[in-house]
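Observations on the three-dimensional arrangement
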Amino acid sequence: MKTVLTYGTYDLLHYGHINLLKRAKELGDFLIVALSTDEFNLLKHKEAYHKYDERKLILESIKYVDLVIPEENWDQKIEDVKKYKVDIFVMGDDWRDKFDFLSDYCQVIYLSRTPDISTSKIKTDLKK
Ligand code: C2G
């Protein structure tokens, strides 16, 4: 049983998110998403449209996602990898190199971002 772990805010869910989650799940058998809390989003200088509980409900309804846990700070990843016996850590390649320190604990894979879609693009386009 291979456990995969990824992190994110996943606000205003779109097909770029789904492409990431689909490919992440294909790497193993059990996919955990560590979902940024509203408080942590403030530290990320992100303001999500949907609150944590709403974003969690949406993620839990996705067939690729097996478990959603809170992401509360930048420093919990090693502890999470150990706690959930993670085999593969996955992020979009906008984060390339940023989490290579985790390779001491698990495989680290950066997947290509889906072009031309983002939560901020959606917000901008809706204002037009
Ligand atoms: N993503 C993607 N393609 C897009 C947009 C997003 O592959 N067009 C991926 C991102 O690379 C990320 C995931 O979808 O792996 C979630 O995106 P965000 O919610 O924007 O995640 P982010 O705010 O970057 O949070 O500790 C890590 C952070 O919590 C990452």
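Attention here is on the structure that accompanies the text. What you are looking at is a predicted structure, and each value in this text was computed from that prediction instead of being measured.

**Side note on the pattern of salt bridges**
Pairing is possible between side chains of opposite charge, provided their charged atoms come close. According to the stated counting rule, one finds 8 salt bridges in the structure shown. Linking Glu71 and Lys77 is a salt bridge whose minimum nitrogen-to-oxygen distance equals 3.4 Å. Residue classification places Lys77 among the buried positions, given a relative accessible area of 2%. If you follow the salt bridges from partner to partner, you end up with Lys121, Asp125 and Lys128 in one network.

**Remarks on the site of the ligand**
Around the ligand, a shell composed of 22 residues is seen, among which Lys46, Glu71, Asp94, Thr114 and Ile117 lie nearest. Separating an oxygen atom of the ligand from a backbone N or O atom of Tyr10 is a distance of 2.8 Å. Within the backbone of Ile117, one N or O atom sits 2.7 Å away from a nitrogen atom of the ligand. For the ligand, the accessible surface in isolation is 640 Å², of which the surrounding protein chains cover 96%. Contributions of two or more residues to the shell around the ligand are made by strand S1 (3–8), helix H1 (15–26) and strand S4 (88–92). For the shell around the ligand, the leading source of residues is H1, giving 3 residues.

**Considering the side chain of Asp80**
Considering the arrangement of structural elements, one finds Asp80 in helix H4 (residues 77–83). Lys83 provides the closest opposite charge to the buried, unpaired Asp80, separated from it by 6.1 Å. Beyond its immediate stretch of four places on either side in the chain, Asp80 contacts Leu5, Tyr7, Ile69, Lys85 and Val86.

**Considering the environment of Thr119**
Turning to its location among the elements, Thr119 is positioned in helix H5 (residues 119–127). Not counting residues within four places of it along the chain, the set of residues in contact with Thr119 comprises Asp11, Leu12, His14 and His17.

**Observations regarding the sheet that holds S4**
The strand order across the open sheet built from 5 strands is S3-S2-S1-S4-S5, with neighbouring strands paired in parallel fashion. The open sheet terminates on both sides in strands that have one partner only, identified here as strand S3 (67–71) and strand S5 (107–111). Strand-to-strand, the axes of this sheet are offset by a mean angle of 25°, without reference to chain direction. Packed on one face of the sheet, H1 meets S1, strand S2 (30–36), S4 and S5 and runs near 140° to S2.

**What to know about the packing of aromatic side chains**
Under the counting rule described, the total for this entry stands at 6 aromatic pairs. Between Tyr7 and Phe89, the aromatic rings sit 5.9 Å apart at their centres with planes inclined by 45°, giving tilted as the arrangement. Of the two residues, Tyr7 sits in strand S1 while Phe89 sits in strand S4, which places them 82 residues apart along the sequence. In terms of burial, Tyr7 and Phe89 fall into one category: buried. Seen in terms of ring centroids, Trp74 and Trp95 are 5.9 Å apart; in terms of plane orientation they differ by 50°. Their pairing is tilted. Taken as a pair, Trp74 in the loop between S3 and H4 and Trp95 in the loop between S4 and S5 lie far apart in primary sequence, 21 residues in all. The structure contains a cluster of three or more aromatic residues connected by ring pairs, namely Tyr7, Phe40, Trp74, Phe89, Trp95, Phe99 and Phe101. The ring of Tyr7 is capped by Lys77, whose NZ or CZ atom sits 4.5 Å from the centre of that ring.

Definitions and cut-offs
Here the residue numbers are simple positions, counted from 1 along each chain's written sequence. A pLDDT threshold of at least 70 governs which residues receive local features in this predicted model, and a stricter bar of 80 or more applies before side-chain atom pairs are shown or counted, although totals over entire chains, interfaces and linings include all residues. Hydrogens are left out, water is left out, and the side-chain values use all remaining heavy atoms of the structure. What counts as a salt bridge is simple: a side-chain nitrogen of Lys or Arg found within 4 Å of a carboxyl oxygen of Asp or Glu. Each residue's exposure class comes from its accessible area (1.4 Å probe, protein chains only) as a fraction of the maximum for that residue type: buried when under 20%, exposed when over 50%, partly exposed otherwise. Being near a molecule or strand, for a residue, means having at least one of its heavy atoms within 4 Å of it. In the analysis that follows, any N or O atom pair within 3.5 Å is treated as a polar contact, provided that within protein one partner can donate a hydrogen and the other can accept it, and provided that, for residues neighboring in sequence, both atoms belong to side chains. Computed by Shrake-Rupley with a 1.4 Å probe, the accessible areas treat only the displayed protein chains as cover when residues are assessed. What counts as a helix is a DSSP run of H or I of at least four residues, what counts as a strand is a run of E of at least two, and both are numbered from the N terminus. Only four residue types enter the tally: Lys and Arg on the positive side, Asp and Glu on the negative side, with His and both chain ends excluded. In this description, contact between two residues means that some pair of their heavy atoms is separated by no more than 4.5 Å. Two strands qualify as a pair provided DSSP detects at least 2 bridges between them. Axis angles are defined between N-to-C directions and span 0 to 180 degrees, where every axis is a line fitted to C-alpha atoms and, for a helix, only to the segment in contact. Only centres within 6.5 Å qualify two rings of Phe, Tyr or Trp (six-membered ring in Trp) as a pair; their planes then separate them into stacked at under 30 degrees, edge-to-face at over 60, and tilted for everything else. For a lysine, the NZ atom is tested; for an arginine, the CZ atom; a charge sits over a ring if that atom is within 6 Å of the ring centre and within 35 degrees of the ring normal.

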